[in-house]
Amino acid sequence: TIHWYYGFDEPSNNDIEFMPTVKHELIHGLGFISLVNQQGQLYIGNIDAFSRNLEHHGATPADFPSMTDEQRATALVDDGNLHWTGSNVRSASSFLSVGKVGDHVQMYAPTTYSPGSSVSHFDIDVTPDDLMEPFLTPDPFIVIAAASLADIGWSISTHAPELAETD
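A. A look at unusual backbone geometry. Thr-60 connects to Pro-61 through a cis peptide bond whose omega is -5 degrees. Counting through the fold element by element, Pro-61 comes out in the loop between β3 (54-56) and α2 (69-75). Positive phi outside glycine occurs at Ile-44, with the angle close to 50 degrees. Summarising the element assignment, Ile-44 is placed in the loop between α1 (18-29) and β3. With phi around 50 degrees, Asp-139 is a residue other than glycine that occupies positive phi space. Summarising the element assignment, Asp-139 is placed in the loop between β6 (104-106) and α4 (143-151).

Shown next, in the form of structure tokens:
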């Protein structure tokens, strides 16, 4: 009973919005995805550009590149303690009211590993909602997602995305 909604405004029922879904998946394709597997092992023995921006608060060492496989595997399921530390996201995160610690944005690391979702999304607590959360929400922001692309190496236009005014 659920269908794709191809319009550009809000769907009037529970249909899935096509355009935000396409944007979300394109951003994954541009590198917003961790290649670290569930056991914490690096892809072909190398840290990927996405995972270079991850930190497990409370761990020693805290940064993903310096951790052992076992430490990374633990971080993947430590809800609330896995954070994005890239400088562009940290700078852009000031408007978030929930889902960050200081200026580090929380990553999706539920206590039960979820293949395809864990680590490769911002946490569901991020408020206001971001396009790169694991579940589509109405009117997600793209500010943090765009900043993350700069952190992983993409050149971003000097015209930064603006926050939409709310009623």
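Right, picking up where we left off after that structure.
B. Summary view of the packing of aromatic side chains. Applying the stated criterion across every chain, the model contains 9 aromatic pairs. Geometrically, the ring pair formed by Trp-84 and Phe-122 is edge-to-face, given 6.3 Å between the ring centres and 70 degrees between the ring planes. Of this pair, Trp-84 sits in strand β4 (residues 82-84) while Phe-122 sits in the loop between β6 and α4; the two residues are 38 residues apart in sequence, bridging distant segments of the chain. The two residues Trp-84 and Phe-122 agree in class, both being buried. Ring centres of Tyr-108 and Phe-135 lie 6.2 Å apart, and the angle between their planes is 85 degrees; on these two criteria the pair is classed as edge-to-face. Pair noted here: Tyr-108 is in the loop between β6 and α4 and Phe-135 is in the loop between β6 and α4, with a separation of 27 residues, a long-range link.

C. Structural detail: the nonpolar core. In terms of nonpolar packing, the biggest core is built from 31 residues, with Phe-50, Leu-54, Phe-64, Leu-82, Trp-84, Met-107 and Phe-122 touching the most fellow members. Looking at this core, the elements that each hand over two or more residues are β4, α3 (87-92) and α4. With 5 residues, the single largest contributor to this core is α4. Filtering out sequence-adjacent residues up to four positions away, Leu-54 remains in contact with Ala-62, Asp-63, Phe-64, Leu-82, His-83, Trp-84, Thr-85, Met-107 and Val-119.

D. Representation of α4 within the structure. Of all the 9 residues making up α4, 8 are buried; the element is thus mostly covered by neighbouring parts of the structure. Residues Val-143, Ile-144, Ala-145, Ala-146, Ala-147, Ser-148, Leu-149 and Asp-151 constitute the buried set of α4. In this structure, the buried side of α4 is in contact with α1, β4 and α3. Remark: Gly-153 follows α4 within two positions and exhibits a positive phi of approximately 120 degrees.

E. The arrangement of α1 in detail. For α1, which comprises 12 residues, the first-to-last C-alpha distance of 16 Å matches the rise-based estimate of 16 Å (1.5 Å per residue) to within 8%. Listing the buried residues of α1 in full gives Pro-20, His-24, Ile-27 and His-28. Angularly, the buried residues of α1 cover 105 degrees about the axis, an arc narrow enough to put them on a single face. When the buried face of α1 is taken as reference, the exposed residues oriented beyond 90 degrees from it are Leu-26 and Gly-29. Its buried side turned inward, α1 meets β2 (16-17) and α4. Positive backbone phi, at 120 degrees, marks Gly-31, one or two positions downstream of α1.

Quick notes on the rules
- Residues numbered from 1 in each chain as written.
- Predicted model: local features only at pLDDT ≥ 70, side-chain atom pairs only at ≥ 80, totals over all residues.
- Heavy atoms only, no water.
- Helix = DSSP H or I, 4+ residues; strand = E, 2+ residues; numbered from the N terminus.
- Phe/Tyr/Trp six-rings, centres within 6.5 Å; stacked < 30°, edge-to-face > 60°.
- Buried < 20%, exposed > 50% of the residue type's maximum accessible area, 1.4 Å probe, protein only.
- Core = buried A, V, L, I, M, F, W, Y, C linked by side-chain atoms within 4.5 Å.
- Contact = heavy atoms within 4.5 Å.
- Expected span 1.5 Å × (residues − 1).
- Arc of directions from axis to C-beta.

Keep in mind that these numbers describe shape and distance, not what the molecule does.
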